[in-house]
Structure formats: C-alpha cells, structure tokens
Amino acid sequence: MAQEKEKFMREAIRLSEEGLRAARGGPFGCVVVRQGKVVGQGNNQVTSSNDPTAHAEVVAIRAACRELGTFQLTDCEIFTSCEPCPMCLSAIYWARIPRIYYANTRQDAAAVGFDDDFIYQQIPLPPDQRTIPMEPLLRDQAQRAFQEWAAKTDKVKY
C-alpha cells in the first residue's frame, strides 16, 4: 500500500517538474486517484492560462470530475506535490475528497516565494477587518434567489 501511495506522489512531483520546465506556472503538480487509478491530473497553469485559480489541485479536480461525470469525489484521494493553499484546500473540501497526501509543506512553499500565510490570517477575520474592503450591498434583492432555492423541490444538493 505504501508503495502505491509513493507511486502516485511521484507522479504528482513529476507533474510539478514538467509544468515548471514547460513554463506553465509554479512548481506544483497533483493527481486525483480512484480505486488505484489516476482519474485526474494537473500542474499549476496560473501564468500560462492567465487564470489565478489554475492551481494544480483545481486543475486535477476539474479533470477528475469531467472524467467521472460527477461534482463529488467522495471515493477518491488526492496526491499533491505541496500542502494545499487555502483555495485548493477549500476546493478539496467542496469536492468531498476524504484524504489528502502532500509532499512539500506550506513553509517549504513560502521559502521559495509562495507564501499563503497572509490568506490564512485573513480568513478568520470578520469581513470588515480584512485587508480587502468588503461591503454588503442589495441583500434584500439577493435573498429572492435564496428563497427560491430553499423552496425548490427538484434541486441537486451539494
């Protein structure tokens, strides 16, 4: 079992190196595995796609969901070359992936210029104390969509 896990982590690391060398983005790679088979993979493509959300984990999750035809990956595991940033960790939770394996730590990432600590510090703050100003606007009008969703009998919950 440990050997199989190492095989998948080696693949995530290989993808991180491949993406880096191809100038796709930062040195990050990831695979999503289901029943011993890679069902999604990716490397960081932020700079090559001009998409700040194109982190390796997000790319791999999107690929796995397309491959499996689902938005929940409850029977999958994710292997990533680095401890997930706050955005990627959130995506993993939203995808319902029950286990994460990672190689480099967030401290390792910070040491080479990828410091997410600022975001980790911002998340628990009340909105009015965050660095990026947040202002509520038109809540009453927005509530209509929420009320309609609450009453909807054929909704697909996620």
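Higher on the page you've got the structure.
Reading the values: rules and limits
- Residues numbered from 1 in each chain as written.
- Predicted model: local features only at pLDDT ≥ 70, side-chain atom pairs only at ≥ 80, totals over all residues.
- Heavy atoms only, no water.
- Patch = residues over 30% accessible without salt bridge, like charges linked within 9 Å, V, L, I, M, F, W, Y side chains within 5 Å.
- Areas by Shrake-Rupley, 256 points an atom, 1.4 Å probe, with all protein chains shown as cover.
- Salt bridge = Lys/Arg side-chain N within 4 Å of Asp/Glu carboxyl O.
- Helix = DSSP H or I, 4+ residues; strand = E, 2+ residues; numbered from the N terminus.
- Buried < 20%, exposed > 50% of the residue type's maximum accessible area, 1.4 Å probe, protein only.
- Core = buried A, V, L, I, M, F, W, Y, C linked by side-chain atoms within 4.5 Å.
- Contact = heavy atoms within 4.5 Å.
- Phe/Tyr/Trp six-rings, centres within 6.5 Å; stacked < 30°, edge-to-face > 60°.
- Lys NZ or Arg CZ within 6 Å of the ring centre and 35° of its normal.

S.K.: Got a minute to help me understand a nonpolar patch on the surface in this structure?
M.R.: Together, Phe71, Trp94, Trp149, Val156 and Tyr158 line one region of the surface with nonpolar side chains, adding up to about 620 Å² of accessible area. Relative to the elements of secondary structure, tryptophan 149 occurs in helix α7 (residues 139–151). For tryptophan 149, a relative accessible area of 38% gives the class partly exposed.

S.K.: Would you mind showing me how to read the nonpolar core here?
M.R.: Soluble globular proteins tend to bury their nonpolar side chains together. The biggest cluster of nonpolar side chains holds 17 residues, and the ones touching the most others in it are Val32, Ile61, Leu73, Ile78 and Ile97. Looking at this core, the elements with two or more residues in it are β1 (29–34), α3 (56–68), β3 (76–82) and α4 (86–95). In contact with valine 32, other than residues within four places in its own chain, are Lys37, Val38, Val39, Gly40, Ala60, Ile61, Ala64, Leu73, Cys76, Glu77 and Ile78. Formed by 8 residues, the second largest nonpolar core is a distinct cluster that contains Met9, Ala12, Leu15 and Val31.

S.K.: Even after reading the chapter, I still don't get the packing of aromatic side chains, so can you show me in this structure?
M.R.: Given two aromatic rings, their pairing is described by the distance between the two centres and the angle made by the two planes. For the structure shown, the criterion picks out 4 aromatic pairs. Ring centres 5.4 Å apart and planes at 50° place the aromatic pair phenylalanine 8 and phenylalanine 79 in the tilted group. Placement of the pair is phenylalanine 8 in helix α1 (residues 2–21) and phenylalanine 79 in strand β3, with a sequence separation of 71 residues. The exposure class of phenylalanine 79 is buried, given its relative accessible area of 1%. The interplanar angle of 80° and the centroid separation of 6.2 Å between the aromatic rings of phenylalanine 71 and tyrosine 158 together place this pair among those described as edge-to-face. Of the two residues, phenylalanine 71 is situated in the loop between α3 and β3 and tyrosine 158 in the segment after α7; the sequence distance between them amounts to 87 residues. Judged by relative accessible area, phenylalanine 71 falls into the partly exposed class, the value being 41%. Residue tyrosine 158 is classed as exposed on the basis of its relative accessible area, which comes to 61%. These aromatic residues form a ring-pair network of at least three members: Phe8, Phe79 and Tyr101. Positioned above the aromatic ring of tyrosine 120, the side-chain terminus of arginine 106 is 3.6 Å from the ring centre.

That's the geometry; what it means functionally is another story.
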